[in-house]
Amino acid sequence: MNLEELAEEIEKKGKLLVQAEQVANRMKELKKTVLAKVQTDIEVKSSGTKLSENKLERLALASTEYEQHIIDMCESQRLSGELEKEYDKLKNFFEATRSNMAMERARMNLV
């Protein structure tokens, strides 16, 4: 892979990383919103039975919908972390390749 191809790959990976980080951040920010929505749904379904805030929160935290949100959030954070490692690896490889090419040119000039 030449430097141009490597630079293009770094750019593509960088764009994927930004998108993955955006999804992960959005899911993290929506955590309380999802919890509140689930609590509201539970309240509506309780047919007027007054539930304490603690019980409502406990039921919401145990709900399938909230659990799925947490699973999805963790998965998006994992993906973002993997993409960041790949991006950094490509950048480091690019710099090492560029340095090696510069050393090779310098060596040729000495001969």
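The numbering scheme is per chain: residues are counted from 1 as the chain's sequence reads. Whole-chain, interface and lining totals are the exception, using all residues; otherwise, since this is a predicted model, local features are given only for residues with pLDDT of at least 70 and side-chain atom pairs are given and counted only at 80 or more. To get the side-chain values, take all heavy atoms of the structure and skip hydrogens and water.

### Looking at the packing of helix 2 (residues 31-45) against helix 4 (residues 64-110)
1) Next: Lines fitted to C-alpha atoms define the axes, with helix axes restricted to the stretch in contact, and inter-axis angles between N-to-C directions lie between 0 and 180 degrees. Comment: elements are numbered from the N terminus, with helices defined as DSSP H or I runs of at least four residues and strands as E runs of at least two. Running from amino to carboxyl end, helix 2 crosses helix 4 at an angle of 165°, the nearest separation of the two axes being 9 Å. Judged on the interaxial angle alone, helix 4 and helix 2 are roughly antiparallel. In this structure, helix 2 meets helix 4 at a crossing whose hand is right-handed. Across from K31, V34, L35, K37, V38 and D41 in helix 2, the residues of helix 4 making contact are E65, Y66, H69, I70 and M73.
2) Next: Amino acids are sorted into nonpolar (Ala, Val, Leu, Ile, Met, Phe, Trp, Tyr, Cys and Pro), charged (Asp, Glu, Lys and Arg) and polar (every other residue, Gly among them). Taken together, the residues that form the contact of helix 2 with helix 4 break down as six nonpolar, one polar and four charged. Working definition: roughly parallel below 35 degrees, roughly antiparallel above 145 degrees, roughly perpendicular at 65 to 115 degrees, and oblique for all remaining angles. Crossing chirality is assigned from the near helix's rotation relative to the far helix, an anticlockwise turn below a right angle marking it left-handed and a clockwise turn marking it right-handed. In what follows, residue pairs with any heavy atoms lying within 4.5 Å of each other are defined as contacts.

### Details of the side chain of Q39
1) Next: Position of Q39 relative to the elements: it lies in helix 2.
2) Next: Exposure categories follow from relative accessible area, calculated using a 1.4 Å probe and restricted to protein chains: below 20% of the type maximum is buried, above 50% is exposed, and the middle band is partly exposed. According to the relative accessible area criterion, Q39 is buried, its value standing at 15%.
3) Next: Contact partners of Q39, with chain neighbours within four places excluded, come to L56, E57 and A60.

### Details of the nonpolar core
1) Next: Here, nonpolar core means buried Ala, Val, Leu, Ile, Met, Phe, Trp, Tyr and Cys residues that are tied together by side-chain atoms lying within 4.5 Å of each other. Among the nonpolar cores identified, the biggest contains eight residues, and these are V34, L35, V38, I42, L51, L56, A60 and Y66.
2) Next: Every element with two or more residues in this core is listed here: helix 2 and helix 3 (53-61).
3) Next: Looking at this core, the element that brings in the most residues is helix 2, giving four residues.
4) Next: Residues contacting Y66, with those up to four places away along its chain left out, are K31, V34, L35, V38, A60 and L61.

### Topic: helix 4
1) Next: Residue count minus one, scaled by 1.5 Å, sets the expected span of a helix. Here helix 4 spans 69 Å end to end across 47 residues, near enough to the 69 Å set by a 1.5 Å rise per residue.
2) Next: Every buried residue belonging to helix 4 is among Y66, H69, M73, S76, S80, L83, L90, F94 and T97, and all of these are buried.
3) Next: Looking at the buried positions of helix 4, the neighbouring elements they touch are helix 1 (3-29), helix 2 and helix 3.

### What about the pattern of salt bridges?
1) Next: Each reported salt bridge corresponds to a side-chain nitrogen of Lys or Arg within 4 Å of a carboxyl oxygen of Asp or Glu. All told, the structure shown has eight salt bridges when counted by the stated rule.
2) Next: Residue K15 is joined to E11 by a salt bridge in which the shortest nitrogen-to-oxygen separation is 3.5 Å. A residue pair is termed a helical-turn pair when its members lie 3 or 4 positions apart in one helix, as K15 and E11 do in helix 1 at four residues.
3) Next: Look at E11 and you get partly exposed, because its relative accessible area is 49%.
4) Next: Here E104 makes a salt bridge to R107, at a shortest N to O gap of 3.9 Å. Taken together, the residues E104 and R107, both in helix 4 and three residues apart, mark about one turn of the helix.
5) Next: With a relative accessible area of 38%, E104 lands in the partly exposed category.
6) Next: Through salt bridges with shared partners, one network takes in K37, D41 and E65.

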